[in-house]
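# Coordinates in review
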Amino acid sequence: MPAATRARWAVIAATSLALVVTGCSSSSNSSSSGGTNSAGVVTAWWGDPQNPLEPANTNEVNGGAVLNMIFTGLVSYDPKTSKANNANADSITSTDQQNWTVKLKPGWKFSDGTPVTASSYVDAWNYGALVTNKQVNASFFGYIDGFNDVAPATGAPKAQTMSGLKVVDDNTFTVALSQKFSTWPQTLGYSAYYPLPKTFFSNHAGYLNQPIGNGPYEIASWTRSQKMQLRPNTQYSGTIKPQNGGIDLKVYTDTNAAYADLQSGNLDVDNGVPNSALKTIQSDLNGRYLNQPAGIIQTISFPLYQANWSTDNAKLVRQGISMAIDRATITKVVFTGTRTPATEWTSPVLGAAGGYQAGICGDACNYDPAKAKALIQQGGGIPGGQLTISYNADGPHKEWVDATCNSINNAMGNTTSCVGRPVGTFADFRNQITSKQMTGAFRTGWQMDYPLIQDFLQPVYTTDGSSNDSHYSNQQFDALVSQANAQPDPANSVKDFQTAEKMLATDMPAIPLWYQNGTVGWSSKVSNVMLDPFSVPVYTSITVK
Amino acid sequence: MGRYVLRRLLQMIPVFIGTTFLIFVMVHALGDPVNALFGDKAPDPAVAAQIRAQYNLNDPLWLQYVKYMGNLFRWDFGNTFSGQTVTSLLATAYPATLKLTAVAFTIEVVFGISFGLISGLRRGGVADNSVLILTLVVISIPTFVTGYVLQYLVGVKWGILPATAGDPLTLQSLLLPGIVLASVSLAYVARLTRTTVAENSKADYVRTATAKGLPRRRVVINHLLRNSLIPVVTFLGTDLGALMGGALVTERIFNIHGVGFYLYQGIVRQNSNTVVGFVTILVIVFLAANLLVDLLYAVLDPRIRYA
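Everything numeric here is computed off the predicted structure, so don't read it as measured data.

## Points about the overall build of chain A
Check the secondary structure of chain A and you find 18 helices and 19 strands. Here the C-alpha atoms of chain A give a radius of gyration of 26 Å, agreeing with the 24 Å that 2.2 N^0.38 yields for 545 residues. Out of the 545 residues in chain A, the part that is buried amounts to 57%. Taking all contacts inside chain A whose residues are at least 6 apart in sequence as the whole, residues at least 24 apart take part in 67%. Carbon and sulfur atoms make up 51% of the accessible area of chain A, which amounts to about 20,500 Å² in all. In chain A, the 35 positive side-chain charges and the 38 negative ones have mean positions that sit 5 Å from each other.

Below is the structure:
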């Protein structure tokens, strides 16, 4: 072969290979333009779920959004008032607040046509609790009798099922709790408590590829890490019927890419609005944008397991630090109004009946730099001479931590009173917290599992609370929480919880900063877009114009 | 030639083991990934212990690596935390990235060489100067800036091309990310071609060819360009690997679910199986591209011989 031909061949080969590879792709460009099609299908923003789509194994928003659509639990929460209403349950009753009888509405079916029975719930809960199934939400079954046998802290489980769960007949089962818990029925809307069809146990791998539920939608197709198509479930027996022809969830690698698609009409609902877009979003979308508080509170916690943070004087210092933070300015400037300054330790989404009462924190959460400095000095100054606020650097936290430190420094009249301390990754950050390695303050956040004041206080601030990161321990607080749980009347229960919450204002184990808002923008093709108290769009109510 | 190739292939083994081990160590230096699975909540100790056992996280690092490599040779890249096999991720991600790279590579080769040829033949002219300025601008702007600006202008504001690629990937939707990805390399290719073409146009063999009375077209394409392409091909070969790596940024901007997407997600979720698996394949691509370039030398320039 002459040299000239060989050279030309080399160049041509390189380019034609490229054309061949891309050529395959251009043949399949049938209807990829996204957006809404004639069947009334809504396209919505989505991220890749972190865990397999099992109800008791999903604790983040992406997997949660899907489970919410394909399942309906015993109760469901009103998107506007957060009130728990019976959904799949006909009644959940108890005479002693500890032993409960659950009756199901008869005739409900999973989308594969099999019936929803009492065993669908009991089997699902036993599966979720059994430690060898490695479900991240296993601790939610911790209130049920026999949980310690299926999930001992160390060693192999002593039993495969929890002794507190008993099937009475097809539509009835009983639950024995290990303690009195009057608001327990209202917790049952959480995804960990969803029922599971028989096929989950008989063909587990197949189920994970296409989960089946009893909710308003069913999964029509799912291309892992790319998109999921949900269509109305014809077997659905509940009252919250979809108002659209289905939801197409599109996985985005980057929130900016989703926002570009929203603006160019390739995406209908975007609840992953990037921070960079917040300043212009109102004009970009002609007001098709919602920004409302969600059941998420951000706090700064202290390592009360360290000797210098556990003294009585340190309480004054913590109160002082809280007063030195200018929440109003930071939420406005750093967060462009997508946070609401906190005045207590729960969330406004609970509503007054649910236990939210503005101002429980009192003066300690009001910005007062002069008094802040006085209190900190009265308490003997900041332990160690300097306050560090640790945060995970892989999240969007640097800006507000620096702003908070500036606010504290200004109040103290000293530019080195407070510094941010970044920790490389979220996993490492959580690792340092759970292994009690923190020596200074650190950021904490709490996203509610169900809209109850109990969920904001018991797991976070009771002595053996599962997420008590500051290791706060106050026996009076614990006693009041137990008393509240035993109150048969919800109003009295809420009152006891609020009395307990008031103790946090003096002890200040964690400084309430602000409530995180949920944000959503939508295209001109859809309407009736709402966010529920978990800041997830209410997909069923979206209508297509 | 055969012995040369064999020697090169054998050299790849220590490089391969070294890079995978480094990546493995680096991912593990980030700390225990299990806590992150539980979000802002404290993990249930019993469940966390079970998950650690499942992913061999309790073993010393060297043993984890040996176990991982053992599985690798059985073509088992392990699982992600969401229960997918890494091999299935590789199977969806690499075709996507390959398509993007192919589009970018085509743009780079076609436009880079044409621009370089034109400005090399008409040195000091308007075309030459504008190519110089244009390439200077492109080289000095980071890819993500070009990406976001072009996405906003072409995709959102004017609506000429799709703002993001999405699924399924079409040639049309890959055009914009392809241009962005190719832009910097394109500028280098153009400059490289211009320099060598300018140099070689004064060479004796070009003068001889012209004196022989060959048409200018043949002189330029068959004689001048072929000899000028040798350094360009070297650059293109190594750039093929760089393009696949550079696709990381471009893929995120244009929502392409390729190597960059999975690598980023793997790093954020600290899933060493995903990260090491994807990097392993990237390493192989790099090594293969380098070998290919070295072999192409011999094809382009008969004077080069490999023993």
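What follows picks up the thread again.
## Concerning the packing of aromatic side chains
Per the stated rule, a full pass over the model turns up 33 aromatic pairs over all chains. Between Trp400 of chain A and Trp514 of chain A the ring centres are 5.5 Å apart and the planes differ by 90 degrees, which places this aromatic pair in the edge-to-face class. Of the two residues, Trp400 of chain A is situated in helix 14 (residues 398-412) and Trp514 of chain A in strand 17 (residues 510-522); the sequence distance between them amounts to 114 residues. Both residues of the pair, Trp400 of chain A and Trp514 of chain A, count as buried. Ring pairing ties together the aromatic residues Trp100, Tyr121, Trp125, Phe140, Phe141, Phe173, Trp184, Tyr190 and Tyr193 of chain A, which thus form one cluster. One Lys or Arg, Arg318 of chain A, reaches over the ring of Phe302 of chain A and ends 5.9 Å from the middle of that ring. The aromatic ring of Tyr264 of chain B is capped on one face by Arg252 of chain B, whose charged end is 3.9 Å from the ring centroid.

## Focus: the pairing of strand 5 (residues 99-104) of chain A
Taken residue by residue, a regular strand's side chains alternate between the two faces of the sheet. Residue and element names in this part refer to chain A. Where burial is concerned, the two faces of strand 5 differ: the one with Trp100, Val102 and Leu104 is buried and the one with Asn99, Thr101 and Lys103 is not. Taken together, the 5 bridges between strand 4 (residues 89-94) and strand 5 define a ladder with antiparallel strand orientation. Counterpart to Ile92 in the pairing with strand 5 is Val102. In sequence, strand 4 turns back onto strand 5 through a hairpin of 4 residues, with Gln97 there showing a positive phi of about 65 degrees. Alignment of strand 5 against strand 7 (residues 172-176), held across 5 bridges, turns out to be antiparallel. In the strand pairing of strand 7, Lys103 is matched with Thr172.

## Let's talk about the pattern of salt bridges
Counting across every chain of the model gives 11 salt bridges over all chains. A salt bridge links Arg252 of chain B to Asp254 of chain A; its shortest N-O distance comes to 3.3 Å. Note that Arg252 of chain B is positioned in helix 9 (residues 216-253) and Asp254 of chain A in the loop between strand 10 (246-251) and helix 8 (255-263), a pairing that runs across two chains. On the accessibility criterion, Asp254 of chain A (8% relative accessible area) is buried. One salt bridge in this structure joins Asp507 of chain A and Lys315 of chain A, with 3.2 Å as the shortest N-O distance. Highlighted residues: Asp507 of chain A in helix 18 (residues 490-507) and Lys315 of chain A in helix 10 (residues 312-323), separated in sequence by 192 residues. Owing to a relative accessible area of 9%, Asp507 of chain A belongs among the buried residues under this scheme. One salt-bridge network, in which partners are shared between bridges, spans Asp312, Lys315 and Asp507 of chain A.

## A short note on the sheet that holds strand 6 (residues 165-169) of chain A
Residue and element names in this part refer to chain A. Spatial ordering of the open sheet is given by 4-5-7-6, a layout of 4 strands whose pairing is antiparallel. With partners counted over all chains shown, the strands left at the sheet margins are strand 4 and strand 6, one partner each. For this sheet, the mean inter-axis angle between neighbouring strands, taken without regard to orientation, is 20 degrees. Strands in contact with helix 3 (residues 118-129) are strand 5, strand 6 and strand 7; relative to strand 6, the strand with the most contacts, it is inclined by about 170 degrees.

## As for the confidence of the model for chain B
For chain B, mean pLDDT is 87; residues scoring 70 or higher make up 100% of the total. In the predicted assembly, ipTM is 0.85 and pTM is 0.86.

## Observations regarding the interface of chain A and chain B
Residue-level contacts link 65 residues of chain A with 62 residues of chain B. On the chain A side of the interface with chain B, the three residues burying the most area are Gln50, Lys134 and Thr253 of chain A, jointly 12% of the side's total. At the boundary of chain A and chain B, one finds 1 salt bridge. In this assembly, chain A and chain B are joined by 16 residue pairs in polar contact (both at pLDDT 80 or more). Put simply, the parts of the chain that give the side of chain A that touches chain B at least two residues each are helix 1 (3-26), helix 8, helix 15 (426-434) and strand 16 (441-447) of chain A. When residues of the side of chain A that touches chain B are assigned to their parent elements, the largest contribution, 15 residues, is made by helix 1 of chain A. Of the residues that constitute the side of chain A that touches chain B, the class distribution is 25 nonpolar, 27 polar and 13 charged.

## Notes on the domain arrangement of chain B
All names here are of chain B. Domain annotation of chain B identifies domain 1 (2-72) and domain 2 (91-300). In this structure, domain 1 and domain 2 have C-alpha centres spaced 33 Å apart. Around 1,600 Å² of area is buried between domain 1 and domain 2 when both sides are counted, 75% of it from carbon and sulfur atoms. Across the contact surface, domain 1 and domain 2 share 1 salt bridge. Among the salt bridges present, the one from Arg8 reaches Asp294, with a minimum N-O distance of 2.4 Å. For the interface between domain 1 and domain 2, the tally reads 2 residue pairs in polar contact (both at pLDDT 80 or more). When contributions to the side of domain 1 that touches domain 2 are tallied by element, the ones reaching two or more residues are helix 1 (2-29) and helix 3 (61-73). Looking at the side of domain 1 that touches domain 2 residue by residue, the class counts come to 14 nonpolar, 4 polar and 2 charged.

## Some words on the state of the cysteines
Residue and element names in this part refer to chain A. Going through the model one piece at a time under the given rule, you end up with 2 disulfides over all chains. In this model Cys361 forms its disulfide with Cys365; the gap between the sulfur atoms is 2.0 Å. Taking the sign of the torsion about the S-S bond as the criterion, the disulfide between Cys361 and Cys365, at about 75 degrees, is right-handed. Note on accessibility: Cys361 and Cys365 belong to one class, buried. Should the bonded cysteines of chain A be numbered as they appear in the sequence, the pairing reads 1-2, 3-4.

## Description of the domain arrangement of chain A
Where interface size is given, it is often the accessible area lost as the parts come together that is meant. Residues and elements named next belong to chain A. Here the domain parsing of chain A yields domain 1 (27-222 + 523-541) and domain 2 (293-518). Measuring from the centre of the C-alpha atoms in domain 1 to the corresponding centre in domain 2 gives 31 Å. Taken residue by residue, the interface counts 18 residues in domain 1 and 19 residues in domain 2. A buried area of about 1,600 Å², summed over both sides, lies between domain 1 and domain 2, and 59% of it is on carbon and sulfur atoms. It is Ser182, Pro533 and Phe534 that lose the most area in domain 1 upon contact with domain 2, and together they represent 25% of the buried surface on that side. For the pair domain 1 and domain 2, the number of links is 0 salt bridges. A per-class count over the side of domain 1 that touches domain 2 returns 8 nonpolar, 9 polar and 1 charged.

## Some points on the confidence of the model for chain A
Atomic detail in the predicted coordinates should be set aside for any region of low pLDDT. When pLDDT is averaged across chain A, the result is 90; 93% of the residues are at 70 or more. When the criterion is pLDDT under 50, residues 1-38 of chain A qualifies, and its contacts beyond four places in sequence or with other chains add up to 48 contacts.

## Concerning helix 2 (residues 45-54) of chain B
Among all positions in helix 2 of chain B, only Ala46, Val47, Ala48, Ile51 and Arg52 of chain B are buried. Immediately beyond the C-terminal end of helix 2 of chain B, within one or two residues, lies Asn56 of chain B, with a positive phi of roughly 60 degrees.

Reading the values: rules and limits
- Residues numbered from 1 in each chain as written.
- Chains lettered and ligands numbered in written order.
- Predicted model: local features only at pLDDT ≥ 70, side-chain atom pairs only at ≥ 80, totals over all residues.
- Heavy atoms only, no water.
- Helix = DSSP H or I, 4+ residues; strand = E, 2+ residues; numbered from the N terminus.
- Rg over C-alpha atoms; globule rule 2.2 N^0.38 Å.
- Buried < 20%, exposed > 50% of the residue type's maximum accessible area, 1.4 Å probe, protein only.
- Contact = heavy atoms within 4.5 Å.
- Areas by Shrake-Rupley, 256 points an atom, 1.4 Å probe, with all protein chains shown as cover.
- Lys, Arg positive; Asp, Glu negative; His and termini not counted.
- Charge placed at Lys NZ, Arg CZ, Asp CG, Glu CD.
- Phe/Tyr/Trp six-rings, centres within 6.5 Å; stacked < 30°, edge-to-face > 60°.
- Lys NZ or Arg CZ within 6 Å of the ring centre and 35° of its normal.
- Pairing = 2+ DSSP bridges.
- Salt bridge = Lys/Arg side-chain N within 4 Å of Asp/Glu carboxyl O.
- Axes fitted to C-alpha atoms, helices over the stretch in contact; angles between N-to-C directions.
- pLDDT = per-residue confidence, 0-100.
- Buried area = accessible area lost by both parts, 1.4 Å probe.
- Polar contact = N/O pair within 3.5 Å; in protein donor to acceptor, adjacent residues only side chain to side chain.
- Nonpolar A, V, L, I, M, F, W, Y, C, P; charged D, E, K, R; others polar.
- Domains from an automatic or database assignment.
- Disulfide = S-S within 2.5 Å.

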